[in-house]
Amino acid sequence: MTYTHFINSFALTFAPFYIIFKCTKLAEIHANRILLFGFLGYVFTQLFKMLLLATFATSSFESLQFEWIQELFNVVVSFLDILGVNYVLAKTPLDGDLKILGVGLGWALAESILTKFGPLWVGTRSPEFDWKFLIAGVESNLHIVLFISFTSLVWLWGRRR
């Protein structure tokens, strides 16, 4: 039973990436490299953000007061996602909508693999059924739309300049 639950949750989480890739022109032009650019862009951006937050951010548990400087630093670190997507879009050789779709899909795939696969692998092997893995699969599907939209907004912002 746990194997069936794992297969269902895994398919709900990761099958939409395969379907989107195969049903668009990304599969026709063999755009695996574009997905890899988006994937690696997400990984390096998150590693850099983690390094900055671990080095310069202070613990918010030390004081109960609101610190403007700390929150401003968190906003600047979050801005690195925009810079990361913009950099990946600038280095991607395709034009237009395929570039947006490929980078956004790679970015969403990296987010799903790095945040959902570990808990999915460990948690669905337990003897009882838990809804949180199906909810994580639906959340992963929503993140596909979110990251493709985010990538298109960054592309439009970069085109404006």
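Further up the page is the structure itself.
Here is what the cut-offs are and how they apply
Residues numbered from 1 in each chain as written. Predicted model: local features only at pLDDT ≥ 70, side-chain atom pairs only at ≥ 80, totals over all residues. Heavy atoms only, no water. Core = buried A, V, L, I, M, F, W, Y, C linked by side-chain atoms within 4.5 Å. Buried < 20%, exposed > 50% of the residue type's maximum accessible area, 1.4 Å probe, protein only. Helix = DSSP H or I, 4+ residues; strand = E, 2+ residues; numbered from the N terminus. Contact = heavy atoms within 4.5 Å. Salt bridge = Lys/Arg side-chain N within 4 Å of Asp/Glu carboxyl O.

Please set out the nonpolar core residue by residue, giving values where relevant.
Counting residues in hydrophobic clusters, the biggest one holds 26 residues, and the most contacted among them are Phe17, Phe21, Leu26, Leu105, Trp107 and Ile144. Top contributing element to this core by residue count: helix H6 (residues 97-123), with eight residues. Beyond its immediate chain neighbours, meaning those up to four positions away, isoleucine 144 contacts Pro16, Phe17, Ile20, Leu105 and Ala108.

How would you sum up the pattern of salt bridges? Please name residues and give values.
Evaluation of the coordinates by the stated rule reveals four salt bridges. Across the salt bridge formed by lysine 49 and aspartate 81, the nearest N and O atoms sit 3.0 Å from each other. Here the residue lysine 49 occupies a position in helix H3 (residues 32-56), and aspartate 81 occupies one in helix H5 (residues 80-91), the gap between them amounting to 32 residues. Just as lysine 49 is buried, aspartate 81 falls in that class too. Notably, a salt bridge pairs lysine 116 with glutamate 111, separated by 3.8 Å at the nearest N-O pair. Residue classification places lysine 116 among the buried residues on the basis of a relative accessible area of 9%. Look at glutamate 111 and you get buried, because its relative accessible area is 8%.

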